[in-house]
Amino acid sequence: MTVPPTVSVIIPNHNYARTLGRCLSAVAEQTYPHIEIVVVDDGSTDDSPRIAAAHPGVRLVRTANAGVSAARNTGVRHSSGDILFFLDSDIALHPDAVRIAVEVLQADPRVGFVGGIYDSVPLIDDGAVERYKVLHGHYWRRRTAGPVKAAYFSLGAMPRTAYDRAGPLDESLRDTEDIEYGARLAADSTVLLDPRIVGRHDDDDRLSVLLRKQCRRSATLVSLFADRGRGRPQLSDTAYRPRAVAGTGLALAGLAALPLWPAAGAAASAAGLALFVSEERGLLRYFRTAAGIRALPLMTGLHFLMTATTGLAATAGAAHWLLSPTFRHRYSRA
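Cut-offs and rules
Note on numbering: residues in each chain are counted from 1, in written sequence order. Local features in a predicted model are, by the rule used here, given only for residues with pLDDT of at least 70; side-chain atom pairs are given and counted only at 80 or more, and totals for whole chains, interfaces and linings are based on all residues. Side-chain descriptors were evaluated using all non-hydrogen atoms of the structure, hydrogens and water having been removed beforehand. Numbered from the N terminus, helices here are DSSP runs of H or I no shorter than four residues, and strands are runs of E no shorter than two. With C-alpha atoms as the basis for the radius of gyration, the globule rule is written as 2.2 Å multiplied by the number of residues raised to the power 0.38. The classification of residues rests on relative accessible area computed with a 1.4 Å probe and restricted to protein chains. Under 20% of the type maximum is buried, over 50% is exposed, and intermediate values are partly exposed. Residue contacts follow a heavy-atom distance rule, with two residues in contact if any of their heavy atoms lie within 4.5 Å. Think of it this way: Lys and Arg go in the positive column, Asp and Glu in the negative one, and His and the chain ends go nowhere. For the purpose of locating charges, the reference atoms are NZ of Lys, CZ of Arg, CG of Asp and CD of Glu. Helix axes use the C-alpha atoms of the stretch in contact, all axes being lines fitted to C-alpha atoms, and the angles between their N-to-C directions lie in the range 0 to 180 degrees. Oblique is the label for any angle not under 35 degrees, not over 145, and not in the 65 to 115 range, which are roughly parallel, roughly antiparallel and roughly perpendicular in turn. Should the near helix be turned counterclockwise from the far one by less than a right angle, the crossing is left-handed, whereas a clockwise turn marks it as right-handed. Distance and chemistry together define a polar contact, namely a pair of N or O atoms within 3.5 Å, with one atom able to donate a hydrogen and the other to accept it when in protein, and with adjacent residues in sequence counting only for side-chain atoms on both sides. Throughout this description, the term nonpolar core refers to a set of buried Ala, Val, Leu, Ile, Met, Phe, Trp, Tyr and Cys residues connected via side-chain atoms within 4.5 Å.

Colleague: Quick question: what am I supposed to make of the overall build of the protein chain here?
Modeller: A count of helices and strands for the protein chain gives 13 helices and nine strands. Radius of gyration (C-alpha) of the protein chain: 21 Å, near the 20 Å computed for a compact globule of 334 residues. Overall size of the protein chain, expressed as C-alpha extent along the three principal axes, is 75 × 45 × 40 Å. For the protein chain, the proportion of its 334 residues judged to be buried stands at 53%. Within the protein chain, contacts between residues at least 6 apart in sequence are counted, and of these 77% link residues at least 24 apart. Averaging the positions of the 38 positive and the 33 negative side-chain charges in the protein chain gives two centres separated by 6 Å.

Colleague: Explain the packing of helix 5 (residues 128-143) against helix 11 (residues 281-291) here, please?
Modeller: Packed helices, taken two at a time, are described by the angle their axes make and the gap between the axes. The interhelical angle for the contact between helix 5 and helix 11, taken along N-to-C directions, is 125°, at an axis separation of 11 Å. In terms of orientation, helix 5 and helix 11 fall into the oblique class. The element helix 5 and its partner helix 11 pack so that their crossing is right-handed. Listed contacts from helix 11 to Y132, L135, H136, H138 and Y139 of helix 5 are G282, L283, Y286, F287, A290 and A291.

Colleague: Help me understand the side chain of R72, please; the structure alone is not making it clear to me.
Modeller: Among the secondary structure elements, R72 is positioned in helix 3 (residues 68-77). Judged by relative accessible area, R72 falls into the buried class, the value being 3%. A distance of 2.8 Å separates a polar atom in the side chain of R72 from a polar atom in the side chain of D88. Within polar-contact distance, the side chain of R72 engages the side chain of E177 at 2.9 Å. Apart from the residues lying within four places of it in its own chain, the contact partners of R72 are I10, P12, F86, D88, F153, S154, L169 and E177.

Colleague: Mind showing me how you'd approach the nonpolar core here?
Modeller: In a soluble, globular protein the nonpolar side chains are often hidden away together inside. Core analysis: the largest hydrophobic core is formed by 42 residues, its most contacted members being F153, M158, Y181 and F287. With residues near it in sequence (within four places) discarded, Y181 still touches A151, F153, M158, Y163, A166, G167, P168 and L169. The next biggest cluster of nonpolar side chains, apart from the first, holds 31 residues, and it includes C23, I91, V98 and V111.

Given below as structure tokens:
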């Protein structure tokens, strides 16, 4: 009889008392029985360490605040499972998530990582901005399901042997670590995104936070996409589609040109908007179906703004890449 693999669910946490209890309860309710839970508290100042300690069967490891990559690596060192299931503390898994991940990894030894997707409903509904982010996150992950070059550590599993081969996460990275690691791992393993592995996510609900995170992520990823000396992610795997980004850039450039060249500016803006709508027509239909016709203008406007921010930040990142050798080699430590 084949012995079923043990699974270590590794949960980094920094000040997520609001959601950590729901996250841990959902892990405890998994249909796959051979699970240990390791919570790495990364220097929290809220009540989340007490919440973790109060849950039966949780191994709590407390560290100084060193970032999510360091917390995940620490969790691996304090775990014993054959399979490492990484989970953020603001996600509540569907009951079969761990079981499905184990089945995928057992079915094909070439798979080095299998990531899941977010539910279309937020864990805690905090308004229209969060509903936009959750719906978009659900849609684009379903769109890119299959082989990818991004290891989504917020919700995903890998054999311990694959982690040992690829090495630990780069602890100098406090964001984009999932894209870097997936590109590294994909050099000798298959990385999958499976829409059957689902978790309900408590996403950001303030537009300023979304824009700031998107700026930082888009700008820094330029150096990874531009690095031809290593495995790189695919543009098709990204949340914001390149041609839609180009469309928003053309639309904004046309608006800026209106005072000097009214006809040309208007034509450019119209062409940019048409490109954006054409490229995102599937997403816009999904917004209409999932959120309703009354919410569609707001959802479309938010998506245009986030897509335009991606393009502007990537342009700034490209300039930084040209001017800064340090930035060009940002990912070379991995």
